[in-house]
Each structure stands twice: as structure tokens, then as C-alpha cells.
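Tertiary structure, described
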Amino acid sequence: MSHASSRISALRSAALNVPDLQLAEDFFTRTWHLTVADRAPGVVYLRGTGQDHHLLALHQGGEHAQIKHISLRAHSESALHEAATLVVQHGGRVVKPVSPSAEPAGGTSLTIADPHGRIFELVFGDALRTTLTEAADHPIRLAHVVLNTHDVPASQEFLAQVLDFSLSDRTKIMAFMRCNSDHHSIALGDTDNDALNHIAFLMPDLESVMRGGGRMRDAGYGIEWGPGRHGPGNNAFNYFVGPFDLVIEYTADVQQIDDSYKVGQPSDWKWPEGRVDHWGISQPPSAKLKEAQRAVLFENV
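Residues numbered from 1 in each chain as written. Predicted model: local features only at pLDDT ≥ 70, side-chain atom pairs only at ≥ 80, totals over all residues. Heavy atoms only, no water.

1. Here we look at the packing of helix α2 (residues 77–89) against helix α3 (residues 152–163)
Following both chains from N to C, one finds α2 and α3 inclined at 140°, their axes separated by 8 Å at the closest point. By the angle between their axes, α2 is oblique relative to α3. When α2 is examined against α3, the residues Ala83, Leu86 and Val87 are found in contact with a partner set consisting of Phe158, Gln161 and Val162. Broken down by class, the residue content of the contact of α2 with α3 amounts to five nonpolar, one polar and no charged. (Axes fitted to C-alpha atoms, helices over the stretch in contact; angles between N-to-C directions. Helix = DSSP H or I, 4+ residues; strand = E, 2+ residues; numbered from the N terminus. Parallel < 35°, antiparallel > 145°, perpendicular 65-115°, else oblique. Contact = heavy atoms within 4.5 Å. Nonpolar A, V, L, I, M, F, W, Y, C, P; charged D, E, K, R; others polar.)

2. So, the packing of aromatic side chains
For the structure shown, the criterion picks out eleven aromatic pairs. Ring plane angle 25° and centroid distance 4.9 Å describe the contact between Trp225 and Tyr239, whose orientation is recorded as stacked. Here Tyr239 lies in strand β15 (residues 236–241) and Trp225 lies in strand β14 (residues 225–229), a separation of 14 residues in the sequence. Taken individually, Trp225 and Tyr239 each receive the classification buried, so the pair is uniform in this respect. An aromatic cluster is defined as three or more aromatic residues linked by ring pairs; in this entry it consists of Phe27, Phe28, Trp32, Phe201, Tyr221, Phe240 and Tyr250. (Phe/Tyr/Trp six-rings, centres within 6.5 Å; stacked < 30°, edge-to-face > 60°. Buried < 20%, exposed > 50% of the residue type's maximum accessible area, 1.4 Å probe, protein only.)

3. Things to note about the pattern of salt bridges
Counted according to the given criterion, the structure contains 18 salt bridges. In this structure, the salt-bridge partner of Glu25 is Arg39, at a minimum N-O distance of 2.6 Å. With Glu25 in helix α1 (residues 21–31) and Arg39 in strand β2 (residues 35–40), the pair connects residues that are 14 residues apart, well separated along the chain. Under the relative-accessibility criterion, Glu25 is labelled buried at 10%. Among the salt bridges present, the one from Asp52 reaches Arg73, with a minimum N-O distance of 2.9 Å. (Salt bridge = Lys/Arg side-chain N within 4 Å of Asp/Glu carboxyl O.)

4. Examining the sheet that holds strand β12 (residues 186–190)
Reading across the sheet, the eight strands line up as β10-β11-β12-β9-β13-β16-β15-β14 and stay open at both edges, with mixed pairing between neighbours. Since the sheet does not close on itself, it has two edges, and those belong to β10 (166–170) and β14, each with one partner. This sheet shows a mean twist of 20° between the axes of neighbouring strands, independent of strand direction. Sheet strands touched by α3: β9 (141–149), β10, β11 (174–178) and β12. Its angle to β12, the strand with the most contacts, is close to 165°. (Pairing = 2+ DSSP bridges.)

Listed below in C-alpha cells is the structure:
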């Protein structure tokens, strides 16, 4: 069974500490094609063309990039209180109790940590954009985040029990977890550390994924994996290593599923020799990409 979450409606945004806030803002606006939504001392909020107030909150940080938290939109305020109770029962902790959010989007929020120190912010009632401006070659929203974990079963169980995510597919190296009709909003990479693997941004179409790849190459950021089309999720992809070893992906055509979807196992996701995606044209992920996928750790709070 693969069902929508009763507590979480969607992935909303990611908050990052960066060593150079001006450089990060310049990259994500000029090259990545996000737009400034708001500012506060030491932080800039960047939006896409969709309804979310922001997709990235970039904070001035220390020497290395860090992930502060992944932000998820809750169905209700009662869902926040349910999660606050469940997180303790399942080995995590409450970092910030249910209270009014101090961010520009407002709403009510809860911040929790799983047993391995990954931080999740749950938000309900945050402001949504009503005038949508979808544009070719501009990200709409976050498609998914992939988080490394040294213990996939434990991390999967936490997402299932506390946030009511469910498994869509399991490959040899990754567990794909869903909270709505998107094939996955969070995936868990089977590794020996607990870093941020990457953040994927949903583009309007395949053309935008490809044009984004060309624009990034023009700016000096080569395609480190792609173009290709994934197995689980069936989404088209281009991967890059941005400033401060942040791994980011342009994606489109994310598979939409419902309760009738048959959960795949590793034996269902094997490529013919020499292939790493459906199309069979992409080279394997670069060494640079693999190294960066281990570099950005969660802030210790």
C-alpha cells in the first residue's frame, strides 16, 4: 500500500547556512532562476513560480554549507501536535514546540529532529502566493529532497510513523517516500553518513530541464549527471554541483501515483549493462557529484 500522508500535504522548502550569502543569492537568482521573495537580517528567501512563499531560505553561516532543516507543509495544526507527540515516542525530539512561525510566510510551526539529527520543520497556515507566474526555464517548486542515511530502515520507519509517509519504491541504494501523489517527496540514500544528498527543483517541462543544463554550463557549472530519465519516479533529470558543494537537480515529468501503485523492490529496478537510466544516454554520476553528495551536513542543534 502506498498512501498519501494524513499529516503532511507537501514538501515546501529547505533552509541552508551558506558561507557567502551574496554569492549564494546571486547564483540562485541569476543562474538558477529563483526570485527574491523576502529578506531579513542575515537571510534571504527565494521563491519559484508556484504557490510556495519560498523554496530556499539562505542564511549567512560559517565556513561550510549546512542544512538547517527541511520544511514540510502540514494538513492541520492538530497534525503538528500529533507529530510532536509521536517524535518523542519514536526516538526523536522536539527542537522547537508548536508556536507561531517567525518567518515571513507566517503560519504555525513545529521543528523536530529524528534520532540521527535530521531536522524537519512542519508548517501549517503559511501564506501562499495567489498570483502564479509559471514561466519557461524557471523552477516551480521543490520536487524532492534526498537525504543520506547510515540506517535506511530506521530512517524510513521514522518518516512512516511520525510523518505518515509511505514507501513508493525501494532500490538497492535508495528508499523513495511519498506524502502525496508525487512518486516521492523525500528519498533516503543508503550510505555511511547522514548528509544532504541533493535538492531537486521541478521545472515546467523537459525543454526547461535541458535549457537549464545549457545555462548552467555557460555559467561554468557542468552537468555532473544527466541528462537522463530515472527509473523510480520516471522523472527527467540534470544534476549539478553548485556553490559550496550544494548538489541541485533540475527535474520534470515526476510520476503521479495513488494507492493502486505497486511498491517496487530492488529486483524490479535493474538496468541493462552500461545503463544508469531509462534512456541509456547518460554517463554515471561524476566523482565530483558523489563527493559533494556527502559534504553538506545538518546543523547541530
